[in-house]
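Topology and contacts: notes
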Amino acid sequence: MTMNQIILLLDVVLLAGAAIAIYRKEDPVQRRLYWPALGVKIAAGAALGVLFLYYYELGDTISYWQDGRKIASLMTDDPRGAIAFFWDESTNPDFAGTLSLQTARSLFFVKIAGAVALLTGGNYWMMSAFLSFVSFLASWYLFRQISNLFPQRRIEAALAFLFFPSVVFWSSGLIKESLGLASLFVLAGICISVTQSRRVSFSGWLLALISVWVGWNLKYYWIGVFIPVAATTLLMYRWKRLPWPALVRYEMVVWILVFLSLLLIATGVHPNFYPSRFLDVIYQNNLEFMALSDPQGVIHYHDLRPTVASMLLNAPVAFVSGLFRPFIWESANLLSVVAALENLAVLAMVIFALPSLLTLHRSTHRLLVVAMIVYIVLLTTFLALSTPNFGTLSRYKVGLSPFLLFLCLSGNRLVHWVFPGHR
């Protein structure tokens, strides 16, 4: 056997051993979903590779692979130089210039891809499997947290976080969304634990910090919306435990005031969130996508400008388009047809879910539901305004789609009809 074959064999044994060890710790009910969910995740990462390697023959995943292999070679030939490069790429400008991806977020992921390439001998499919497995672990963790909190909603959680096609496909394999969504899911799972007064271990908090760091560097707009929403909700749960029963009736007003305060603080965390730049960044991103995209494959807004009035005027179109477009008649290729069919299914689920959403005020978990709704509305609107291209938007919105799906599926008559008596 060659050295590469030995490395691949060891990688397979490592992944299989880790998967089996986790499976053995699961209860019998969840075990039935474990292997199908893991299999779908690994297969989705491989399918993404096949699509871009053999059909499109270009794409970010190919660049991540090629650049990752270069970094793996640097780690082998010059470990000290590689460590310095990981800390600051300007320490080796000649090497940095050989990489095809130069933006800060892409370079961050390329460095991770380089470490994975070193472990896998630079084999694309094994690198994809490793990252898909990490993404699966995060989605499985959040699924377990939700299942423990809502045992009667286990099937809905599985459909939303483990099996929904676009979410699985665009968060698997050698792409930024694999680790970006994994970070988001870990943070969401830890937040659920805190709201239920469960003890979070030191390793859990450490993982949360790593998730914020990784998620912020890969998908700062997901984390930038999620953290104020989550922090507001956690503060509200703490507030509700204080002896102020007379104020409980105003909890939604307090939630909004706290959220707006935290959102104001968040605007100083990233240059693109500065109030003076925020609207201009959205506008400039929109112009760039419009210039590079087919006019038939984008959202067209009414005289979009970097002003509050213009953004508010176009926000309803952005929100609806971000959730439900492209429509069937707007599809131009196979991927867009699949996306359109999925959007149609989401629209049907939203319509069927409206009666249960109208009873939100009676739910004992209404703060969690409000948090998901605010996160979905804000992220959908901002993403659609800044990223009008349907194809790119389908990929970016996997950071909100699972939460929307879980809300729409919970208590939905369609689920009861498809899975009668199956909880």
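Attention here is on the structure that accompanies the text. (Residues numbered from 1 in each chain as written. Predicted model: local features only at pLDDT ≥ 70, side-chain atom pairs only at ≥ 80, totals over all residues. Heavy atoms only, no water.)

Grouped together as the largest cluster of nonpolar side chains are 122 residues, with contacts concentrated most on Phe161, Leu174, Trp222, Trp255, Tyr375 and Phe403. Take this core: its biggest share by element is 14 residues, from helix 7 (residues 124-149). Other than its neighbours up to four places away in sequence, Tyr375 contacts Leu184, Trp222, Val225, Phe226, Val229, Gly399, Leu400 and Phe403. (Core = buried A, V, L, I, M, F, W, Y, C linked by side-chain atoms within 4.5 Å. Buried < 20%, exposed > 50% of the residue type's maximum accessible area, 1.4 Å probe, protein only. Helix = DSSP H or I, 4+ residues; strand = E, 2+ residues; numbered from the N terminus. Contact = heavy atoms within 4.5 Å.)

At a minimum axis distance of 8 Å, the contact between helix 15 (residues 308-324) and helix 17 (residues 366-386) shows a crossing angle of 100°. Here helix 15 is positioned roughly perpendicular relative to helix 17, judged by the angle of their axes. On helix 17, the residues touching Met311, Asn314, Ala315, Ala318, Phe319, Gly322 and Leu323 of helix 15 are Ile376, Val377, Thr380, Thr381, Ala384 and Leu385. Considering only residue class, the contact of helix 15 with helix 17 consists of 9 nonpolar, 4 polar and no charged. (Axes fitted to C-alpha atoms, helices over the stretch in contact; angles between N-to-C directions. Parallel < 35°, antiparallel > 145°, perpendicular 65-115°, else oblique. Nonpolar A, V, L, I, M, F, W, Y, C, P; charged D, E, K, R; others polar.)

Looking now at the environment of Leu142. Assignment of secondary structure puts Leu142 in helix 7. With 50 residues separating them along the chain, Leu142 and Ile192 place their C-alpha atoms 8.8 Å apart. Once you skip the residues sitting within four places of it in the chain, Leu142 turns out to touch Phe161, Phe185, Ala188, Gly189, Ile192 and Phe403.

So, about the pattern of salt bridges. Pairs can form between side chains of opposite charge once their charged atoms are near each other. Tallied over the entire structure, the rule returns 8 salt bridges. Glu26 is the salt-bridge partner of Arg144, the closest N and O atoms lying 3.4 Å from each other. Within this pair, whereas Arg144 is found in helix 7, its partner Glu26 is found in the loop between helix 1 (3-24) and helix 2 (28-56), the two being separated by 118 residues in sequence. Accessibility expressed as a relative area gives 35% for Arg144, which makes it partly exposed. A salt bridge links Asp60 to Arg395, with the shortest nitrogen-to-oxygen separation between them at 3.8 Å. (Salt bridge = Lys/Arg side-chain N within 4 Å of Asp/Glu carboxyl O.)

Secondary-structure assignment places Lys176 in helix 10 (residues 176-195). There is no salt bridge for the buried Lys176, and the closest opposite charge comes from Asp60, which lies 4.7 Å off by N-O distance. With residues up to four places along the chain from it excluded, the contact list for Lys176 reads Tyr64, Arg105, Ser106, Phe109, Leu218 and Lys219. (Lys, Arg positive; Asp, Glu negative; His and termini not counted.)

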